[in-house]
Structures are given as structure tokens and as C-alpha cells.
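Each chain, written out:
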Amino acid sequence: MNELGTPHEVWALAADGETVLLRRPNPDDRDRILAMHRAMSTENLHLRFFGASDTSVRETAERVSTPDRAGCGALLALTHDGDEVIGVVEYNGEAGSGTAELALAVADSWHGRGIGTLLIEHVVAMARADKVRTLVADTLAWNRPMLRVLEDLGLPIRNRLDAGVLTCVIPLDGDDLTTERYLTALARREALADVAGLVPLFAPRSVAVAGAGHRADSVGRALLRNLKAAHYTGSLAVLHPTATEVDGVPAFPTPDRLPQVPDLVVVAVPAGAVPDLVENCGRVGVRALVVVTSGGTPEQAARVHDSVRRHGMRMVGPNCLGIAQTDPATALNATFGWVVPAPGGAGVAVQSGGVGIALMEQLNRLGIGVSTFASLGDKYDVSGNDMLQWWQADTRTTMAILHLESFGNPRKFSRIARAVGRTKPVLTVDAGRSAAGRRAAGSHTAAAVTPTVARAALFRQAGVTAAQTLGDLVAIAALLYAQPLPDGAAVAVIGNAGGAGVLAADACVDAGLVVPRFGADLEAELRALLPAGAACANPVDTTATVDGATLRRCVDRVIAAGHVDAVVLALAPTALGDPLGDILAGPAVRKRPVLVIAPERAAAVELLPAVGGNVPVYGDARTAAVALAHAHERAMWLTRPRGTVPALPDVDRSLARSIAAEFLLRDPEGGWLSPRECARMLGAYGIEPTPWREAFDAEEAVAMARELAPLGAEGAVVLKAHGPHLVHKSDVGGVRLRLIGDDAVREAYTDLARRVGVLMERVIVQPMAESGVELIAGVTQDEVLGPLVVFGLGGVATDVLGDHGARLTPLTDLDARSLLVGSRGAPLIYGHRGAVPTDTAGIEDILHRLSRLADDIPQLVEADLNPLIARPDGVTVVDARIRLAPRHEHDPYLRRLR
Ligand code: ADP
Ligand code: MG
């Protein structure tokens, strides 16, 4: 987390993984800024100032270090200790003109490390908040680094060349900063920086262990033993106050006395000693830490945090089992667990050590090797997201396994997972949060919807394979590791003992797969192959009398016929022999995945060697079917078209942000927006709720009703009680519809006041909308995956029907379409039995706008448009609520350390 708390004092990662500090300048920075410029080469100065005069340098230092005026701003990049300025970016414009000039300078020794890009990313956010809509950068045409920085931004920049000076016009308004192109460019840069920063952790050239003392049974000594046993390729040392040698490894009293500054220090000293040690490591230039000791007091934790940030170190832990890297070039086992990971393709990150040990043991048993292992513990710094990015870049890793109790930044997690999942499977366990726990989080309809939304579907959308238990995770990993993905859901079940085959077929169907009847040709072929009495449709019962060779031929025929996408064999030993052994005498991998269920075997899953690979063998049918269903899901996800996130006109992000900021200034705890704020915020995103007025007494209500009645169906209006604590208005009789004439309005007002009592602060008057299909569209948050757009049938029946779809943001055109098509209201929306279809484009547009709003305003925790009334000629929003909760105001996509 950013301890300094303000949006522009953040630590961020440069492209090479170095931590740098970004903050606004203050008058004390004048000399630092001068120093940076004066150390710049003449050539570099020339590129920045189109000349090399000291006057421009002094003016710049003066201007930049004096506090911002409206329309102007500046940002510094400093070394992580905050001592040295390494980059300056500024924009200068007339307040209110909407245009400012952009200028950037980076210290010579920091060129090519992404500092310019980082500064510009952040200053773009600042300038936008300052109502600058266009930045103009004048650059010498041969200033390649600057041009590259501008290009890298991913913004649609217009260039104009005049006498060697290139004028780049960078638009900051409208959609550009939230287009997928810009966000993808940001995400890519961020991933590269994160990965570079992890090199000293996972490929250290030297390691020191602190906390390995005389007692051979200590955690530190176990670490040392593991490091030695794995034949770590770099140099190894011990930090010990008195010893000169521990277990044959040279020991030194303090980090500064080590012959060589270690890339990585593994910390196993008592909690009280950790903060000083971490600080000392930082001072001498240690780049990474693994802290296995538990976190200690909050003060100790804060000191560790601070040292890690200031010295630009990356840190795993505290309170963890350690890390391992099996690449023979490094061969690092800095864990104190006793399972030595075998080299291989699975990247494994766990939060708790216990789960880590269990998982590693299972993978070892299966023969699935590990590329990188990390037990992340309390995750002060390195998180599951970092690990995913490491594995994405790591060519040895073919599969990512995460078992985390919390994923850190959910917005980031689902974006990263979606990117990594394209090339390697991402497996995790989602134990499913209890409905009660999640209900506590929200109180209105969209939030109440979440428990009924299948979480599995959200993970599926993110391309994450989420098992329900650790056991299932291992079962799925085995299949993905050993066999090809199935192209479809059709499974052939072949058994040698009737009952087991039927059970397997049932399990497949339960898991969402299909067991189709074979074509006549294949059935005839099998009949010719198998003894009389065999069942040759699907499931196939070969009878117990067939030998292994026949069984194998049977499998080959079924695959060759091409009717199915996978084969599940349910095998029992018979008097004739062991059919499993016969299967394993054949090829392990065919065109389609083959799984075996062998109930007599004790293990839930094994990978048994066959010719050229492994066959997954499961102890029970359910596990096998679940694994296959997940493999199928992954295959579907990979082939499904991804769709595009549409560009949306009429989005005013700064307006929505200032509404949020003002509200939270007034209500720091957060809460529901007032009807006015809610309408303004939706309006800023191009969603116009139906016209409405407020009234505080009956006569005012009558006056407002006269104004609005001409807009209403048959000249009718609606009166609604409103008060900050009134959530479901109709539940307390707080909505009166179809009111025509002054008397009706007057009577309704009195009636509402009587029914709702003190909870009613005012009434809302609206025109009565023409009738149509009542729908709900909303936003809610998933603690793991971030914001969701929710859609379904709405109105007062919402809670009763409980039928809602949800998709992760950003919503693509295909996501929006599938929400509509998949909803129970689809026949009504699309017009069934000759009815005229509603304005589906209008509904989709609202969903896209909500998605964008949720992504842009991280404080928006819940939005609820219920109902939208959809008709052929348009969509009317008659009831809308938005709830905000405080967060650190920052751009959700900017690169910054937590
Ligand atoms: P709440 O959801 O708090 O009970 P709503 O404002 O959604 O209150 O009103 C309840 C129901 O009244 C809506 O679901 C809708 O059927 C109907 N309704 C509300 N406002 C209008 C309107 N302006 N025009 C037509 N029907 C309305
Ligand atoms: Mg409602």
C-alpha cells in the first residue's frame, strides 16, 4: 500500500524492475532538479531544451519546484531512497484552456528504463484531473527516446513536422484513456517491469541465509540444508553474529561484511530482529528478500514495509515456507519444507505453507515437475498477480497453479489471468465463499444477486480453471499435464464391467459432458470386435471376458470414428488379468484425451506411465469427470471468440470522478448517492434516467406532477417515497403508480407519508413510463475477480426470481449479447410469438456504460438500475441507485506498488 496516501506519491517499477518513487515536487526539490539537469550531457540537454543554456535549466528547476497552478503540473521520479531526481515531467497551460505543453527530461544514466513512460502515464492522469484535454509535446524529430515513449503510451497521437520539430498532439478526452489499446499497452509494460523486478528473487546469483545458527533443528538450518542439497549454483553465505562457518557455509556478522552483496537474503531470524536486518540489507543493496519469519507487531510490519519500499527490494512473505526455482541454471531451494520439487513445468504459488507442502507432495507423487514454487505468506509485496506475470514470461512454466486465500488486487488479477490463460492453463481453488458472508457485503438488489450467480462462470470467463477442492485441482492438473484438450463435450465411456461404465457415464453427464449414442457404423464395428453380449452403444460394455489387446483396439476404433472428443475407460480387474496393465502397454497419448477410472486403486489420481507419456488414472468416476469437464471448458475458452470492448461516446470520466470525490469528502464512510448525484453520475456516462422532480409537501408534489404529466403514459405520474434509509420502496408501500390529476397526486402524497412515516424525507415525482419488459442492470463487486455487470429480469420480482447473469468487466460486445440471450427474459426481450422485440441495442449500450463506469470509478461498489423498462422504441430507467465506498483515489490501471 502507498503509505504516503496521496495519489501522486507512489512507488512504481521501472521497466528493469528497479523501484522508483514518483511524487509531486516541492520547493525543497529545486537543487535536486538542478543537479539532475546539470549532470545531463549536452546532447541530452539539447534534446530537452532545444539548446543547452543554464538559464533554461535554472528556470525549469524554479518553475517545477514551485507548487502547481491550475492548468500546470509537474511530477518527479526519484531513486527509491528519494535522494536523487532521475526524471522530471511537466505540463504547462493556461488554466481553463484545456491545452497544455508537455515536457520530459530523464537523467542520462536512467535512459531506456521506462522512467519517461512511467512519468507520462502518471502525468496524463494528473493533467486529466486538472481538466486538460490535450497535451502538446514539441520534440526534435531525432529525439527517438521521446518519440518511443509517446508511441508506447498506446494513445492515438497526431504528429505534425515542421523544420525538424515534431509537434505531437495527445488527446486526453473521450475514450482514449480507457480504450483496450491503451489499457493493454499499460498492462504489458507493467508485466515486463514486474517480471524484471523478480529476477533477483527467482534467479539470484548469490544468496545469504540469516537465522541459521548452531541448532541443527532450526528453520534457518533446514533452509540451509535444502539450499545445499539442491546444489544452488550461485554463491552461498550465512549471516550469523558470531560464527565464521555454519554447516560448512562461510558466515559473516552483518550484511555489510559479506564479501559480495547478495541478490537474495532469506530471513529466518526471530520477528523482533527482522526490521533491522531488512533495513541493513536494503542499505547495502540487497535486491530481494524471502522472510519466512512471521510478521511481528504492526510497528515491526510497518518498518519492514518501509525499508522494502525505500530500498527498492522485492520481498516474499513474511510468514511463509520460502521459494524454489528448479531451473538448473539456478537450482534454488530456499524452502524449509521437506519436499524437494522436481524440475518441471508447473508454477506453484500458495499462501499457506501447509497447503504448499500438501500440493507439492501431490505433484511430486504424480511426477509433475515444478518450475517455480513460492509460498507467499502474508504478501507484503510479491503477490499472486506477480507470480502469474513471472510465469507468463517464463518459458519453462507450462501451467500456473495458485492456491491463495485472497488474490490482492482483484481488478488486476482478472486482467492478468485472462492474458496468461491464453498460453498456459491457470488453475486455482475457489472454495466458494459462504452466501452469508457475501450477503453481509451489500444490501441492495445487485449485491444480493451475487450468491446466486455461479462463481464458476466468472472464473470461466476469466479463463481460470477453478477447482472446488485441492483434490480436484490435482486431478485436473494431472489431466491437463498428460493429455491433449478435448475439442468438445462428447465422451465415449468404455467399461469392462457393466455397472462401472454406467456410473462413469452418469458422472460425465453430471459434470456437464455428454455421452452421445454412437453412429450405426461404429456400433457395427464394435460388435464385430467384441464378444456377443457386449453393449456396443455408448457406454460400451465389453464384458469381462475381453483381453487387453481387444480393449485397446476398441479405444482406437472409437477415436478413429471421430464421434467423440474424449474416452473414459472404466476398468475392473478380471479373472483374465489386469486390463489397466494392458492399456498401459499401449500409447499414452492419442488424438483425443483418454482417462481411466480404476476404482480398486487407492489414490484419487495417478499418472501411470504408458508408451510415450502418462495416462491419468482416477480412483472414482466423479473426479475423472470433473477433470475432463474442466479440460473441456478450457478448450472452449481458448477457441471462443473474444469480442471487443466498444468505444463509448459521451463519457465524462472526470465529472463522475469529481462527483465521487465530493460525496466521499462529505461521507468518508461511503453510502448511497442522493437521487441527484446518482442521476448526474449516470448522466456522465451517457445513461439518462427518466425525468424526475423532488417534492417536500403535497402541494409541491402537485406542482411537479403537472410539469411531468405530459411526458407520462396517458398523462399519468408516479410518486415515490424517498429517504436515505429506504432501500426497497415498494416493500413499505412507498411507490404509487398511474396517478392522474391533482387530487390523485395529493391523495398519494398523504398516503405515502402515512405508510412510510419518518423514513420518508421527500417524494420523487416521475412521469409514468409506458409499459414494457422490466429488467435489472447493475454492478457489483466480486472479492476475487473485481467488478461484475449483472443483468436479468427486474422489477419488484427480482429477488423472487433470482435469475441473473453476470460478467466481468470490461464487458465485450459478445459478453453483453450473451447476457441478454442467456437471460430468462430473453423471449420477452427478443419478442416471442410475434411480439415486437425491445430495443436490445439500447439495453446492451447501458450494460457497456455500466461496465465502463465500474472500471473507471473504483469507489463504485454497487449500482442498481431496477427496473429498466425496455420497449421497442427505447429503454427507460425509472429507479437507480449507486453506492460508493472509500478507496485510495488512484487510476485503477496505473502502475504502482501496493
Ligand atoms: P423499489 O425498487 O424501491 O421498490 P421502484 O422505483 O423500482 O421502487 O418502483 C417499484 C416498481 O414500480 C418498479 O419495479 C416498476 O414496476 C414500477 N415503477 C416505478 N417507477 C415507475 C415509472 N416511472 N413508470 C412506470 N412504472 C414504474
Ligand atoms: Mg426498483
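Residues numbered from 1 in each chain as written. Chains lettered and ligands numbered in written order. Predicted model: local features only at pLDDT ≥ 70, side-chain atom pairs only at ≥ 80, totals over all residues. Heavy atoms only, no water.

Turning our eyes to something else, we now look at the overall build of the protein. In terms of regular secondary structure, the protein is built from 29 helices and 39 strands. Relative to the compact-globule value of 29 Å for 898 residues, the protein shows a C-alpha radius of gyration of 32 Å, a close match. For the protein, the C-alpha atoms occupy an extent of roughly 90 × 80 × 60 Å along the three principal directions. Looking at the protein as a whole, 58% of its 898 residues are labelled buried. Sequence-distant contacts, at least 24 apart, represent 70% of the contacts inside the protein between residues at least 6 apart. Summed over all atoms, the accessible surface of the protein reaches about 34,900 Å², with 54% contributed by carbon and sulfur. Within the protein, one finds 87 positive and 103 negative side-chain charges whose respective centroids are separated by 2 Å. (Helix = DSSP H or I, 4+ residues; strand = E, 2+ residues; numbered from the N terminus. Rg over C-alpha atoms; globule rule 2.2 N^0.38 Å. Buried < 20%, exposed > 50% of the residue type's maximum accessible area, 1.4 Å probe, protein only. Contact = heavy atoms within 4.5 Å. Areas by Shrake-Rupley, 256 points an atom, 1.4 Å probe, with all protein chains shown as cover. Lys, Arg positive; Asp, Glu negative; His and termini not counted. Charge placed at Lys NZ, Arg CZ, Asp CG, Glu CD.)

Take the packing of helix α27 (residues 813-822) against helix α29 (residues 840-856) next. Following both chains from N to C, one finds α27 and α29 inclined at 120 degrees, their axes separated by 10 Å at the closest point. The angle between α27 and α29 falls in the class oblique. Relative to α29, the crossing made by α27 is right-handed. Within the contact between the two elements, α27 uses Asp-813, Ala-816, Arg-817, Leu-819 and Leu-820 and α29 uses Thr-840, Ile-843, Glu-844, Leu-847 and His-848. Of the residues contributing to the contact of α27 with α29, the split by class is five nonpolar, two polar and three charged. (Axes fitted to C-alpha atoms, helices over the stretch in contact; angles between N-to-C directions. Parallel < 35°, antiparallel > 145°, perpendicular 65-115°, else oblique. Left-handed = near helix turned anticlockwise from the far one by under 90°. Nonpolar A, V, L, I, M, F, W, Y, C, P; charged D, E, K, R; others polar.)

It is worth spelling out helix α4 (residues 115-129) at this point. The terminal C-alpha atoms of α4, which comprises 15 residues, lie 21 Å apart, in line with the 21 Å expected from a rise of 1.5 Å per residue. Burial analysis of α4 places 14 of its 15 residues in the buried class, the great majority of the element. One or two residues past the end of α4 sits Lys-131, with phi positive at roughly 65 degrees. (Expected span 1.5 Å × (residues − 1).)

A few words on the coordination of the magnesium ion (ligand 2). Taken together, the protein donors to the magnesium ion (ligand 2) comprise Asn-866 (O) and Asp-879 (OD), at separations of 2.1 to 2.2 Å. Separated by 13 residues along the polypeptide, Asn-866 in strand β37 (residues 860-871) and Asp-879 in the loop between β38 (874-877) and β39 (880-884) bring together distant segments of the chain. (Donors = N, O, S within 2.8 Å, 3.2 Å for Na, K, Ca; no water.)

Below, the discussion takes up the pairing of strand β6 (residues 134-140). Extensive coverage of β6 is indicated by the burial of six of its seven residues. In this sheet, β6 lies alongside strand β5 (residues 99-106) in parallel orientation, the contact comprising three bridges. By the bridge assignment for β6, Thr-99 is matched with Thr-134. The parallel pair β5 and β6 is bridged by α4, and the resulting crossover is right-handed. In this structure, β6 lies alongside strand β8 (residues 165-171), joined through seven bridges in antiparallel fashion. The residue bridging Thr-134 from the neighbouring strand is Pro-171, located in β8. (Pairing = 2+ DSSP bridges. Right-handed = clockwise from strand over helix to strand, strands pointing away.)

Let's shift gears to the packing of aromatic side chains. Taken as a whole and judged by the stated rule, the model has one aromatic pair. Ring geometry for Phe-202 versus Trp-390: centroids 5.2 Å apart, planes at 40 degrees, classification tilted. Residue Phe-202 is found in helix α6 (residues 180-202), and its partner Trp-390 is found in helix α11 (residues 384-393); the two are separated by 188 residues along the sequence. Accessibility expressed as a relative area gives 8% for Trp-390, which makes it buried. (Phe/Tyr/Trp six-rings, centres within 6.5 Å; stacked < 30°, edge-to-face > 60°.)

Moving on, we get to the sheet that holds strand β11 (residues 245-246). Read from one edge of the open sheet, seven strands run β11-β12-β10-β9-β13-β14-β15, paired in mixed fashion. The open sheet has two free edges, formed respectively by β11 and β15 (314-316), since each of these has just one partner strand.

All buried positions along helix α18 (residues 520-529) are accounted for by Leu-522, Glu-523, Leu-526 and Leu-529. Seen end-on, α18 carries its buried residues on one side only, within an arc spanning 120 degrees. Among the exposed residues of α18, those oriented more than 90 degrees off its buried face are Ala-520, Asp-521, Arg-527 and Ala-528. Residues of α18 that are buried sit in contact with β24 (540-541) and α19 (548-561). (Arc of directions from axis to C-beta.)

Our focus in this paragraph is the pattern of salt bridges. Going through the model one piece at a time under the given rule, you end up with 44 salt bridges. Residue Arg-517 is joined to Glu-523 by a salt bridge in which the shortest nitrogen-to-oxygen separation is 3.0 Å. Its relative accessible area of 8% is what places Glu-523 among the buried residues. In this structure, Arg-871 and Asp-873 form a salt bridge, with 3.1 Å as the shortest nitrogen-oxygen distance. On the accessibility criterion, Arg-871 (13% relative accessible area) is buried. Under the relative-accessibility criterion, Asp-873 is labelled exposed at 62%. Through salt bridges with shared partners, a single network forms among Arg-736, Glu-747, Asp-751, Arg-754 and Arg-755. (Salt bridge = Lys/Arg side-chain N within 4 Å of Asp/Glu carboxyl O.)

For soluble globular proteins, the rule of thumb is that nonpolar side chains tend to be buried together. By size, the foremost hydrophobic cluster in this structure holds 55 residues, and its most contacted members are Leu-201, Leu-264, Val-290, Ile-323 and Leu-388. Ala-107, Ile-115, Leu-118 and Ala-127 belong to the second-largest nonpolar core, a separate cluster that totals 54 residues. (Core = buried A, V, L, I, M, F, W, Y, C linked by side-chain atoms within 4.5 Å.)

Let's shift gears to the side chain of Arg-634. For Arg-634, the position within the fold is in helix α21 (residues 621-639). It turns out Arg-634 is buried and unbridged, and the closest side chain with the opposite charge, Glu-633, is 9.9 Å from it. Setting aside chain neighbours within four positions, we find Arg-634 in contact with Gly-421, Arg-422, Thr-423, Lys-424, Pro-425, Gly-463 and Leu-485.

Attention now moves to the sheet that holds strand β19 (residues 370-375). Here we have seven strands laid out as an open sheet, ordered β17-β16-β19-β18-β20-β21-β22, and mixed in their pairing. Each edge of the open sheet carries a strand with a single partner, namely β17 (332-335) and β22 (464-467). Averaged over neighbouring strand pairs, the angle between their axes works out to 20 degrees when direction is ignored. Direction of pairing for strand β18 (residues 343-350) relative to β19: parallel, over a ladder of six bridges. Bridge assignment links Val-348 to a residue of β19, and that residue is Phe-373. Contacts from helix α10 (residues 353-366) reach β18, β19 and β20 (399-403), with the element oriented near 160 degrees to β18.

On to a negative patch on the surface, then. A grouping of Asp-547, Asp-578, Asp-582 and Glu-600 is seen on the molecular surface, where their side chains present a negatively charged patch. Mapped onto the elements, Asp-582 comes out in helix α20 (residues 579-584). (Patch = residues over 30% accessible without salt bridge, like charges linked within 9 Å, V, L, I, M, F, W, Y side chains within 5 Å.)

The next point concerns unusual backbone geometry. Cis geometry marks the peptide bond from Gly-317 to Pro-318, where omega comes out at 0 degrees. When you line up the elements, Pro-318 lands in the loop between β15 and β16 (322-325). A cis amide bond links Asn-538 to the next residue, Pro-539, at an omega of 0 degrees. Note that Pro-539 resides in the loop between α18 and β24. Positioned with a positive phi, Lys-379 is a non-glycine residue whose angle comes to about 50 degrees. Position of Lys-379 relative to the elements: it lies in the loop between β19 and α11. With a phi angle near 55 degrees, Arg-738 is a residue other than glycine that sits in the positive phi range. Relative to the assigned elements, Arg-738 resides in strand β32 (residues 735-739).

The local shell around ligand 1 holds 20 residues, among which Lys-720, Lys-729, Ser-730, Ala-769 and Glu-774 are the closest. In the environment of ligand 1, an oxygen atom lies 2.6 Å from a nitrogen or oxygen atom belonging to the side chain of Lys-720. In this structure, Gln-766 approaches ligand 1 through a side-chain N or O atom, which is 2.9 Å from a nitrogen atom. Protein chains shield 93% of the accessible area of ligand 1, which is 540 Å² for the free molecule. With three residues, the top contributor of residues to the shell around ligand 1 is β37. (Near = heavy atom within 4 Å. Polar contact = N/O pair within 3.5 Å; in protein donor to acceptor, adjacent residues only side chain to side chain.)

Attention now goes to the side chain of Asp-29. Within the secondary structure, Asp-29 sits in the loop between β2 (19-23) and α1 (30-38). Owing to a relative accessible area of 0%, Asp-29 belongs among the buried residues under this scheme. A polar contact of 2.8 Å, which involves the side chain of Asp-29, links it to the side chain of Arg-23. If near-sequence neighbours (up to four positions away) are discounted, Asp-29 is found in contact with Arg-23, Arg-24, Ser-65 and Leu-76.

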